[in-house]
Amino acid sequence: MHMAPPSHGHIISSAVAQNGAAVIPVDTKTAPAPPQGASLLDAEEFRREGHRLIDFIADYYARMGDYPVHPDVTPGFLRRQLPADAPSRPEPDAFAAALRDVRDLILPGMTHWQSPRHFAHFPASSSTVGALGEALAAGINVVPFTWAASPAATELEMVVVDWLGKALHLPESLLFCGGGGGTLLGTSCEAILCALVVARERKLTEIGSRRIGDLVVYCSDQTHFAFRKAARIAGIHRDNCREIATCRDDMFALSPTALRAAMQADVDAGLVPLFLCATIGTTQTTAVDPVGELCAVAAAHGAWVHVDAAYAGSALVCPEFRHVLAGAEAVDSFSMNAHKWLLANNDCCALWVKRPSLLTAALGTEQEYILKGAAAEGHDVVDYKDWSMTLTRRFRALKLWLVLRCYGVDGLRDHVRAHVRMAESFESMVKADARFEVAAARRFALVCFRLRSPEKFGGEKTANELNRRLLEEVNAAGSGPYMSSAMVGGIYMLRCAIGSTLTEERHVRDAWKVVQDRAASLLRKMEVIYSVLA
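Residues numbered from 1 in each chain as written. Predicted model: local features only at pLDDT ≥ 70, side-chain atom pairs only at ≥ 80, totals over all residues. Heavy atoms only, no water.

Draft legend 1. Just the pattern of salt bridges, in detail. Scanning the model with the defined rule gives 29 salt bridges in all. Residue D104 pairs with R103 through a salt bridge whose shortest N-O separation is 2.7 Å. Exposure remark for R103: the relative accessible area of 16% places this residue in the buried category. Notably, a salt bridge pairs R442 with E427, separated by 3.0 Å at the nearest N-O pair. A residue pair is termed long-range when its members are at least 10 positions apart, and R442 in the loop between β8 (436-440) and β9 (446-451) and E427 in helix α11 (residues 396-432) qualify at 15 residues. E427 carries the same exposure label as R442, and that label is buried. Linked through salt bridges whose partners overlap, the residues forming this network are E134, D347, R394, R396 and K399. (Salt bridge = Lys/Arg side-chain N within 4 Å of Asp/Glu carboxyl O. Buried < 20%, exposed > 50% of the residue type's maximum accessible area, 1.4 Å probe, protein only. Helix = DSSP H or I, 4+ residues; strand = E, 2+ residues; numbered from the N terminus.)

Draft legend 2. Structural context of the sheet that holds strand β5 (residues 304-308). Taken together, 7 strands build an open sheet; the order of strands is β1-β7-β6-β5-β4-β2-β3 and the sheet is mixed. Each of the sheet's edge strands pairs with one partner strand only, and the pair in question is β1 (181-185) and β3 (241-244). Averaged over all adjacent pairs, the angle separating strand axes in this sheet is 20 degrees, with direction ignored. The pairing of β1 with strand β7 (residues 349-353) spans 5 bridges and is antiparallel. Within β7, the residue paired with L185 across the bridge is C349. Running over the sheet, helix α4 (residues 151-167) touches β1, β6 (333-337) and β7 and is turned about 100 degrees from β1. Contacting β2 (215-220), β3 and β4 (272-279), helix α6 (residues 225-233) runs over the sheet at an angle of about 170 degrees to β2. (Pairing = 2+ DSSP bridges. Axes fitted to C-alpha atoms, helices over the stretch in contact; angles between N-to-C directions. Contact = heavy atoms within 4.5 Å.)

Draft legend 3. Representation of the packing of helix α1 (residues 43-62) against helix α2 (residues 94-106). Interaxial distance between α1 and α2 falls to 11 Å at its minimum, and their mutual angle equals 10 degrees. Our classification of the angle between α1 and α2 gives roughly parallel. Along this stretch, α1 crosses α2, giving a crossing that reads as right-handed. Counting all contacts with α1, which are made through E49, R52, L53 and F56, the residues of α2 involved are F95, A96, L99, V102 and R103. Here the contact of α1 with α2 is built from residues that sort into 6 nonpolar, no polar and 3 charged. (Parallel < 35°, antiparallel > 145°, perpendicular 65-115°, else oblique. Left-handed = near helix turned anticlockwise from the far one by under 90°. Nonpolar A, V, L, I, M, F, W, Y, C, P; charged D, E, K, R; others polar.)

Structure representation (structure tokens):
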């Protein structure tokens, strides 16, 4: 399911910018000067400039493939081209002039995350409805920190997190309909921090606040660095963050046996196990931790279990991936980023908790009179200011509601499955070329692979450096793919993460052709070098 915005019918310039991308036209028809003292939210001006902006964005998407995915720029390139100070007065038709600068100065210096050839990172997925949902929320521009501040915004969020949780086959105990509940945040970093603070407050209530220095948190060496950062913010000593080693034989998943040993050793040392961050779909290789088994280990010590499914959580919309949730009924909290793979546009992270009362006890504030609403008196309403770190919050629920309503759960499944099929195709092409190997088991739409180093060139001793050079060569191809790397278990590998809304099979085939060609060129160069040295 490919959600590329439709192109518009106005004439497109065929001119080419210096970076090789087709120029996006900017409507330069002079807008009538607003009368003195005109409203800054004049409806007709908004309509006029809005049309101009929508055309600009539509043309950008239509020409996405013309841009190099990653810019060839050096630090300071943009700062040198922009004035040191903001203008005192706007220039004539300032919005059109600003859009020309976006086109000529800013876009050439961007990494184009929506490019169909962007394979370096997990997607920041976009869709027509997701983008327009963002625009609608920005236009309405409410601050729904309490039910009274925007009743419909709060209740829509409660509805939509249950919709999403059901679509992802989450345990009912995490949903409002099952006694739990959820909220929409900006990122998984926020979600992990919120869960960690809640766990900390619960534990310190049991053992006393003076023992905060005894609290220990656990993760694997594959867990996203956001967890370690959250632990520091939450006041956990750096020495009390246990990174448990994983191995290739276990597909880089966290071992329950190793976790049990680590927790018991800390208990024997007089420390207190606090929190485990398990992952469904690690960043480097999309490893999946055995959630149910890990929960059983943590339960013996009363430790909180949070599941970070930032990327792969979206795949749970497909029943064939439901098995990775085995045992999730025992988790305390769960988070995923709908903006990564479910067409919701940045930003949209969903956090669910089994016991919302613990969340509000840890993060709640004494409600001042100004935040109270008479209509809420006597009702058990949700005030989302007490569910996260921030008071000011965005109306993210509107965008996610529109995405779910306009594409449907089946449409989201089609979208995810299309990328998984493309990843399977890329993986098959890797396996069919004896010069390459798949370096880590593929689970979703990420393929980790590497070029084998011939024995005459040093074999495994030179393999990592060979693959570093290969990645540099691949990414240097201006019209080629943009990929990234991982170093796992001492093995350097290339990462091909398929997930852009605009990516099609042909882009995947073209990417593999570039990899093959660059590998052949690199091996020929090494042949020459080694023949000279011999």
